[in-house]
Amino acid sequence: MALLFGLFKRKSDPTSYEFRLKRAKELHGQSIKYVTEQRAGNEDVVGRGGALCIHGDEFIVDSSGDRLFSCKIRDLEASYLMSGDGVIIKGPDIQSGGEMRTVTVHFVYYRK
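Report on the accompanying structure. All figures in this text were calculated on a predicted structure; none of them were measured in a lab.

What counts, and at which threshold
Residues numbered from 1 in each chain as written. Predicted model: local features only at pLDDT ≥ 70, side-chain atom pairs only at ≥ 80, totals over all residues. Heavy atoms only, no water. Helix = DSSP H or I, 4+ residues; strand = E, 2+ residues; numbered from the N terminus. Buried < 20%, exposed > 50% of the residue type's maximum accessible area, 1.4 Å probe, protein only. Contact = heavy atoms within 4.5 Å. Areas by Shrake-Rupley, 256 points an atom, 1.4 Å probe, with all protein chains shown as cover. Pairing = 2+ DSSP bridges. Core = buried A, V, L, I, M, F, W, Y, C linked by side-chain atoms within 4.5 Å.

1. Quick look at the overall build of the protein
Next, step 1: Looking only at helices and strands, the protein features two helices and eight strands.
Next, step 2: In sequence order, the secondary structure elements of the protein are arranged as α-α-β-β-β-β-β-β-β-β.
Next, step 3: A buried classification covers 31% of the 112 residues belonging to the protein.
Next, step 4: Put simply, 37% of the contacts in the protein that link residues at least 6 apart link residues at least 24 apart.
Next, step 5: Carbon and sulfur atoms provide 53% of the accessible area of the protein, an area that totals close to 7,500 Å².

Written out as structure tokens, the structure reads:
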């Protein structure tokens, strides 16, 4: 019976608030190794160390002692890298006046 529910369950909509909140909660507390951003054709390192967190209805990337990126959860787009050791975060950055930004966060590797 469980197999049938697995085959016919509804797929989650990546544009829904519930999906974005679930993804933000998955990332909350994740330790950062470094953060990069695409600028003028180059992939620049913009921060080292830090963590990803949720504060109220905002998703925040804190790195190098600064708040590099913050976005409302309802506007957040986050997708894991194929290697699984990071995430690409896209959304209107509150820090830069609502400008659309894309940052790549690489996680600290912890042996499980």
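Here the narrative resumes.
2. Examining the pairing of strand β4 (residues 58-63)
Both faces of the sheet carry side chains from a regular strand, because those side chains alternate between them.
Next, step 1: Extensive coverage of β4 is indicated by the burial of five of its six residues.
Next, step 2: Direction of pairing for β4 relative to strand β5 (residues 66-72): antiparallel, over a ladder of six bridges. Each residue of the ladder has a partner; that of Glu 58, found in β5, is Lys 72.
Next, step 3: Linkage of β4 to β5, two consecutive antiparallel strands, is achieved through a turn of two residues, within which Ser 64 is found at a positive phi near 55°.

3. A few points about the nonpolar core
Next, step 1: One finds Leu 52, Phe 59, Val 61, Val 87, Ile 89 and Val 105 to be the most contacted residues of the largest nonpolar core, which totals 18 residues.
Next, step 2: Breaking this core down by element, the ones donating at least two residues are α2 (17-27), β1 (32-39), β4, β5, β7 (86-93) and β8 (99-107).

4. Points about the side chain of His 106
Next, step 1: One can find His 106 in strand β8.
Next, step 2: Taking the relative accessible area as the measure of exposure, His 106 reaches 15% and is therefore buried.
Next, step 3: Ignoring sequence-local partners within four residues, the contact set of His 106 consists of Ile 32, Lys 33, Tyr 34, Thr 36, Leu 81, Asp 85 and Gly 86.

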